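Here is what each chain is made of, one letter per residue.
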Number of protein chains: 2
Amino acid sequence: MNSYKILLISFLLFCSGVFFSNNKDSAALARIHEHILIKGQSYDNLEELCKNIGHRITASPASYEAIEWGKQKLEELKLDSVWLQPITVPHWVRGDIERLDFSSKSTPLHISHCTALGGSVGTDGNVISGQVIEVKDWDELDQIDRKAIEGKVVFFNQPMNPALINTFRAYGGCAGYRVYGSIKAAEKGASAVIIRSLTLKNDENPHTGMMKYVDSIPKIPGVAISSKDAYTLSEMIKDDPKTSVKLKLSCQTLPDTISYNVIGEIKGTEKPEEVILVGGHLDSWDIGEGAHDDGAGVVQSLETIRTFQMLQIKPKHTIRCVLYMNEENGNMGGKGYAKYVKEYNEKHLLALETDRGGFSPRGFSIDGTDEQVKAIKSFQNLFDPYWIHLFQKGYGGVDIGPLKDGKVCLVGLVPDSQRYFDFHHAKSDVFENVNERELKLGAAAITSLIYLADRYW
Amino acid sequence: MNSYKILLISFLLFCSGVFFSNNKDSAALARIHEHILIKGQSYDNLEELCKNIGHRITASPASYEAIEWGKQKLEELKLDSVWLQPITVPHWVRGDIERLDFSSKSTPLHISHCTALGGSVGTDGNVISGQVIEVKDWDELDQIDRKAIEGKVVFFNQPMNPALINTFRAYGGCAGYRVYGSIKAAEKGASAVIIRSLTLKNDENPHTGMMKYVDSIPKIPGVAISSKDAYTLSEMIKDDPKTSVKLKLSCQTLPDTISYNVIGEIKGTEKPEEVILVGGHLDSWDIGEGAHDDGAGVVQSLETIRTFQMLQIKPKHTIRCVLYMNEENGNMGGKGYAKYVKEYNEKHLLALETDRGGFSPRGFSIDGTDEQVKAIKSFQNLFDPYWIHLFQKGYGGVDIGPLKDGKVCLVGLVPDSQRYFDFHHAKSDVFENVNERELKLGAAAITSLIYLADRYW
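Once a new chain begins, its residue numbering starts again from 1 and follows that chain's sequence as written. Note on labels: chains are lettered from A, ligands numbered from 1, in written order. Restriction of local features to residues with pLDDT of at least 70 applies here, the model being predicted, together with a cutoff of 80 or more for giving and counting side-chain atom pairs; totals for whole chains, interfaces and linings are based on all residues. Hydrogens are left out, water is left out, and the side-chain values use all remaining heavy atoms of the structure.

1. Details of helix 2 (residues 42-53) of chain B
All names here are of chain B.
Step number 1: Helix numbering and strand numbering both begin at the N terminus, where a helix is a DSSP run of H or I of at least 4 residues and a strand a DSSP run of E of at least 2. Given a helix with a known number of residues, its expected span is that number minus one, times 1.5 Å. The terminal C-alpha atoms of helix 2 lie 16 Å apart, and with twelve residues this matches the ideal 16 Å at 1.5 Å per residue to within 8%.
Step number 2: Buried within helix 2 are the following residues: Ser42, Tyr43, Asn45, Leu46, Leu49, Cys50 and Ile53. In a view along the axis of helix 2, the buried residues occupy a sector of 165 degrees, so they form one face of it.
Step number 3: For this analysis, residues touch if any pair of their heavy atoms sits within 4.5 Å. Buried residues along helix 2 sit against helix 3 (61-76), helix 9 (291-310) and helix 14 (436-456).
Step number 4: Two residues or fewer after helix 2 comes glycine 54, characterised by a positive phi angle close to 80 degrees. Relative accessibility decides the category of a residue: with a 1.4 Å probe and only protein chains considered, values under 20% of the type maximum give buried, values over 50% give exposed, and everything between is partly exposed. Relevant arc is that of directions from the helix axis to the C-beta atoms, nothing else.

2. Things to note about the relation of the copies chain A and chain B
Step number 1: In the superposition of chain A on chain B (RMSD 0.0 Å, axial shift 0.0 Å), the rotation amounts to 180 degrees. Taken together, the rotation angle and the small translation identify this as a two-fold axis. Within chain A, the C-alpha atom positioned nearest to the axis of rotation is that of A:His389, 3.5 Å from it.
Step number 2: When the interface residues of chain A are mapped onto chain B, 100% of them again fall at the interface, so both copies present the same face. A least-squares superposition brings the copies together, and it is based on the C-alpha atoms of residues with pLDDT no lower than 70 in both.

3. Looking at the sheet that holds strand 5 (residues 128-135) of chain B
Strand pairing in a sheet is mediated by backbone hydrogen bonds. Such pairs are either parallel or antiparallel.
All names here are of chain B.
Step number 1: Strand order in this open sheet of eight strands is 3-2-9-5-6-7-8-4, and the pairing throughout is mixed. Only two strands of the sheet have a single neighbouring strand rather than two, namely strand 3 (110-111) and strand 4 (114-116).
Step number 2: The criterion for strand pairing is that DSSP finds at least two bridges linking the strands in question. Bridge analysis of strand 5 against strand 6 (residues 153-156) gives four bridges, and the strand direction is parallel. Residue isoleucine 133 lies in a different strand from strand 6, and its bridge partner there is valine 154.

4. Describing the sheet that holds strand 11 (residues 271-281) of chain A
Residue and element names in this part refer to chain A.
Step number 1: Pairing is mixed in the open sheet, where eight strands are placed in the order 1-10-12-11-13-16-14-15. The open sheet terminates on both sides in strands that have one partner only, identified here as strand 1 (81-93) and strand 15 (390-393). Across the sheet, the mean angle separating the axes of adjacent strands is 20 degrees when strand polarity is ignored.
Step number 2: Relative to strand 16 (residues 409-415), strand 13 (residues 347-353) runs parallel, the two sharing four bridges. When the sheet's bridge partners are listed, glutamate 353 is paired in strand 16 with glycine 412.
Step number 3: Running over the sheet, helix 3 (residues 61-76) touches strand 1, strand 10 (252-266) and strand 12 (317-324) and is turned about 5 degrees from strand 10.
Step number 4: Contacting strand 1, strand 10, strand 11, strand 12 and strand 13, helix 10 (residues 332-343) runs over the sheet at an angle of about 140 degrees to strand 1. As a rule, the C-alpha atoms of each element are fitted with a line to give its axis, helices using only the stretch in contact, and angles between N-to-C directions run from 0 to 180 degrees.

5. Considering the environment of A:Gly222
Residues and elements named next belong to chain A.
Step number 1: Of note, glycine 222 is situated in strand 8 (residues 222-225).
Step number 2: Distance in space between the C-alpha atoms of glycine 222 and tyrosine 180 is 9.9 Å, their sequence separation being 42 residues.
Step number 3: Excluding residues that lie within four positions of it along the chain, glycine 222 makes contacts with Ala116, Leu117, Ser120, Ser182, Val193, Met211, Tyr213 and Leu249.

6. Things to note about the domain arrangement of chain A
Residue and element names in this part refer to chain A.
Step number 1: Examined at the domain level, chain A breaks down into domain 1 (3-89 + 256-456) and domain 2 (95-250).
Step number 2: In this entry, domain limits derive from an automatic or database-based domain assignment. Here domain 1 and domain 2 have C-alpha centroids that lie 35 Å from each other.
Step number 3: On the domain 2 side, the residues contacting the 16 residues of domain 1 number 19 residues.
Step number 4: Put simply, buried area is the surface a 1.4 Å probe can reach on two separate parts but cannot reach once they are joined, added for both. Taken over both partners, the interface formed by domain 1 and domain 2 buries close to 1,400 Å², and the fraction arising from carbon and sulfur atoms is 63%.
Step number 5: The three residues of domain 1 that bury the most area against domain 2 are Trp285, Phe421 and Asp422, which together make up 40% of that side's buried surface.

7. Quick word on the UniProt feature "domain: Peptidase M28" (unreviewed entry) in chain A
Step number 1: UniProt positions are given in the numbering used here, feature names are shortened, and annotations may be inferred rather than shown by experiment. In the UniProt entry, the feature "domain: Peptidase M28" (unreviewed entry) is given for residues 261-441 of chain A.
Step number 2: A distance of 25 Å separates the end C-alpha atoms of residues 261-441 of chain A, which is 30% helix and 28% strand.

8. Describing the packing of aromatic side chains
Step number 1: Within 6.5 Å between ring centres, the rings of Phe, Tyr and Trp (the latter by its six-membered ring) count as paired, and their orientation is classed by plane angle as stacked under 30 degrees, edge-to-face over 60, tilted in between. According to the stated counting rule, one finds 36 aromatic pairs over all chains in the structure shown.
Step number 2: With 4.7 Å between their ring centres and 20 degrees between their planes, A:Tyr171 and A:Phe421 make a pair best called stacked. With A:Tyr171 in helix 6 (residues 167-172) and A:Phe421 in helix 13 (residues 420-423), the pair connects residues that are 250 residues apart, well separated along the chain.
Step number 3: When the centroid spacing of 5.0 Å and the interplanar angle of 40 degrees are considered together, the rings of A:Tyr340 and A:Tyr344 count as tilted.
Step number 4: The class for A:Tyr340 is buried, based on a relative accessible area of 16%.
Step number 5: Feature note: the residues A:Phe168, A:Tyr171, A:Phe359, A:Tyr420, A:Phe421 and A:Phe423 constitute an aromatic cluster, connected by ring pairs.
Step number 6: When the ring centre of B:Trp138 is taken as origin, the NZ or CZ atom of B:Lys184, which lies over that ring, is 5.4 Å away.
Step number 7: Just above the ring of B:Phe168 sits the side chain of B:Arg356; from NZ or CZ to the centre is 6.0 Å. Here, a charge over a ring is recorded when the distance from Lys NZ or Arg CZ to the ring centre is within 6 Å and its angle to the ring normal is within 35 degrees.

9. Observations concerning the pattern of salt bridges
Step number 1: Each reported salt bridge corresponds to a side-chain nitrogen of Lys or Arg within 4 Å of a carboxyl oxygen of Asp or Glu. Across all of its chains, the model carries 44 salt bridges over all chains by this definition.
Step number 2: When the shortest N-O distance is used, the salt bridge between A:Glu265 and A:Arg320 registers 2.8 Å. Here A:Glu265, found in strand 10, pairs with A:Arg320, found in strand 12; they are 55 residues apart in sequence, far enough to count as distant.
Step number 3: Overall, the relative accessible area of 2% leaves A:Glu265 in the buried class.
Step number 4: Measuring nitrogen to oxygen at the nearest pair gives 2.8 Å for the salt bridge that ties B:Arg455 to B:Asp25. You can see B:Arg455 sitting in helix 14 and its partner B:Asp25 sitting in helix 1 (residues 3-39), a full 430 residues away along the chain.

10. Thoughts on the interface of chain A and chain B
Step number 1: With 29 residues of chain A at the contact, the number on the chain B side is 29 residues.
Step number 2: Buried surface at the junction of chain A and chain B, both sides included, amounts to about 2,700 Å², of which 59% is carbon and sulfur.
Step number 3: Among the residues of chain A in contact with chain B, A:Ile165, A:Trp387 and A:Arg437 are the three that bury the most area, contributing 29% of the side total.
Step number 4: Linking chain A to chain B there are two salt bridges.
Step number 5: Between B:Glu438 and A:Arg419 there is a salt bridge, and its shortest N-O distance comes to 3.1 Å.
Step number 6: Throughout this description, a polar contact denotes any pair of N or O atoms lying within 3.5 Å of each other; where both atoms belong to protein, one of them has to be capable of donating a hydrogen while the other can accept it, and for residues adjacent in sequence the pair is counted only when both atoms sit in side chains. Across the contact surface, chain A and chain B share 14 residue pairs in polar contact (both at pLDDT 80 or more).
Step number 7: Broken down by class, the residue content of the side of chain A that touches chain B amounts to 15 nonpolar, seven polar and seven charged. Residues are grouped as follows: Ala, Val, Leu, Ile, Met, Phe, Trp, Tyr, Cys and Pro are nonpolar; Asp, Glu, Lys and Arg are charged; every other residue, Gly included, is polar.

11. Re unusual backbone geometry
Residue and element names in this part refer to chain A.
Step number 1: For the bond from aspartate 293 to aspartate 294, the omega torsion is 0 degrees, close enough to zero to count as cis.
Step number 2: Positionally, aspartate 294 belongs in helix 9 (residues 291-310).
Step number 3: Look at histidine 425: it is not a glycine, yet its phi comes out positive at around 65 degrees.
Step number 4: What makes histidine 425 buried here is its relative accessible area of 6%.

12. Considering the packing of helix 3 of chain A against helix 9 of chain A
Relative placement of two packed helices is described by the angle separating their axes and the distance separating the axes.
All names here are of chain A.
Step number 1: The interhelical angle for the contact between helix 3 and helix 9, taken along N-to-C directions, is 20 degrees, at an axis separation of 10 Å. As far as their axial angle goes, helix 9 and helix 3 are roughly parallel. Seen from above, helix 3 lies across helix 9 with right-handed handedness. On the side of helix 3, the interface is formed by Trp69, Lys73 and Leu74, while helix 9 contributes Val298, Val299, Leu302 and Ile305.
Step number 2: Residues belonging to the contact of helix 3 with helix 9 are distributed by class as follows: six nonpolar, no polar and one charged. Our angle categories are set so that under 35 degrees counts as roughly parallel, over 145 as roughly antiparallel, 65 to 115 as roughly perpendicular, and the remainder as oblique. Left-handed describes a crossing in which the near helix is turned anticlockwise from the far one by less than a right angle; the clockwise case is right-handed.

13. Looking at the packing of helix 2 (residues 42-53) of chain A against helix 3 of chain A
Residue and element names in this part refer to chain A.
Step number 1: Two numbers describe how helix 2 lies on helix 3: the axes approach to 10 Å, and their chain directions differ by 155 degrees. Classed by the angle they form, the pair helix 2 and helix 3 counts as roughly antiparallel. Between helix 2 and helix 3 lies a crossing whose hand is right-handed. Note on element contacts: helix 3 touches helix 2 through Ala62, Glu65, Ala66, Trp69 and Lys73, opposite Asn45, Glu48, Leu49, Asn52 and Ile53.

Following this line, the structure appears as structure tokens:
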């Protein structure tokens, strides 16, 4: 019988035992929630991270400050081990100049609210100018002759679908234009790409985010404009099809460098060689303060391991907190961590990521075997008093993704998603836009799940 | 067989039929959600109400503007009837002066962030000054001799319990000090009462709200201070037990006057004499903009009846939208409406109130017979795609409360409650603190329930 069959049987035993254990578990979850809501540090920690350090894109000076801060936070908890895992990371910098002007016959100059997309090339001190070709989607781009695009600027104007209840689905329906728009437009000879920001809010905040290049196709700059400017630009084009833009960006990619994942753990009392992981990512985009994305996940993960210590919960398995670096533009932290796990032949039972904002927790998305999903669903009734109802098979998260091997169970915390894309990758992602109770309830939810997984797996 | 037994049998028939109807109902709910999320007017209406009219305490000029505005909104929908129901209402005014200073040996002057409690007497142009006696609760007050309180100011410093998940329960644990604190303190000879604001947020916003007097006990002024000032005052008292306050309030109660509930309805095609009601309250406290409380409920209720019209849903029963007046300080709108219903011998099947903020909808609180609760719970699976999971027996709402007669089913929309008391009755309750999607999802949730109740009841 292999260890996974043993795990399966454990699940079944668990299911029969849960009825008798429920009272004890309910009391434990109540204790965890009470501790985090009354004595928790997550909100104070988030304020420190956002206000003392601020945004912290990989390889920036602030990112190294954040690493030191995270390490110190873990060290203060007197864990069994705290260490930094070195990883090779990309180093993209925005620079000082970022300007996109629109011009039509009736509007000689409209200065937009814009942001370079992460990873974009700059304009090498020059100004790129050209007529704007607006398209809604790939199909519309495909239908335009290469000649009509050459030397021009393609504008992907695809709004997120407000009718979708889970806003991450609406995001998924548009993110491709941000990530691959420059490749597809450059294939047709475009000189730059503009995308409508990925948000459901009608405002003046541009939202950045990762874009990609391939070596075989010329690298052209990519920039996002606010939803209001996308509307304005589209109206200008309707009025004057010759509407043009001028674009200047000083961003550039520097040589790869070294950064770190920050890791701390409590050794398991019974199965120290089996790891249950909780994590978020320490890096953020270089605008705003990375409060929801993913300062919230960082301080919630810290809160989980802190709560084990403060409540003197001695876990059976090793509980490890990983503050990943470089989720936003390369995921070298996630990949590097998975490589380390493989090299050292470590066994991970469960890895939980919190990277969907510090909003009221609604449930968990579980990327695991049917048995694992069932095992986690069996905890559901324990979460009823906390208004946490969603226990469904689904995606775990970017950082933990590379751990996927058919054995480890990956879990993502699912908070309420309605406000996330108001702030995501924008200057509005600041501490003030995180509610203390929502943040703490998310921390309590993940701590509760980690507690139960440790107890029954 | 009386009509309620018939209703009971209808429920049972419904339960057997729901399986076959599910697809059609799912499609209807999807259509309602899509319409409200994409073409809905609730957010624009809220902006008008908050920004063009602003706060609107009963009998204020703004409250009459709000009545006109509500009537016009209903009239624009070409309903079968729109009317104003006159009601006699109290008329309390805050006036210009509202000042509370603390003073101790080490802090000669601390000017507090304060607000008179609604209904409070003023200080008649005088300044009330006196030593502060801090108590946590009724027990502490009871244990103090009358002599030690006479002529002094009682400070009820009872924070809301942050460990409670449903913040309304935490509110319920403290609201008594605001409502009855003046009576209890005056019984012991106090000259005024200060309460710690009912909020879970640590900030400088004082929160007002209703207080009561009884004729047999002297009426002394009541004032709320911010949570930060409550902390400051308590620390000052620890440092110097002789800490005193000076209080000046210009508020007063004017003679009762006339105001109105605003009512519009679509006549039912099959049972026009049976009413399904949806409503919120048009009045607000006189600080902030009454955005969550209860502008949100007003525009959501309008959105329900608007959606029936826009989607050309012909209800079997009469669907009535009631925008109540005077929920905050007397509930004369709710009482007056119930009186009217009784006088005209109208039959109400269901009355749904939305008055807990414009946050992500989580479910419904049902004040009805077991059969009614069961009937509404039978809709639950239809709400799964909208992440609405709570269907439980509980309180309906203040406005609809007087309708309770053992027959009508009262329902309250239950939104996520974590942020509500950040804004409730405070100057921070403004349009900017309402999220468009959360507001609209609440409107879609109540419209869906009203749709289903009309179809199956």
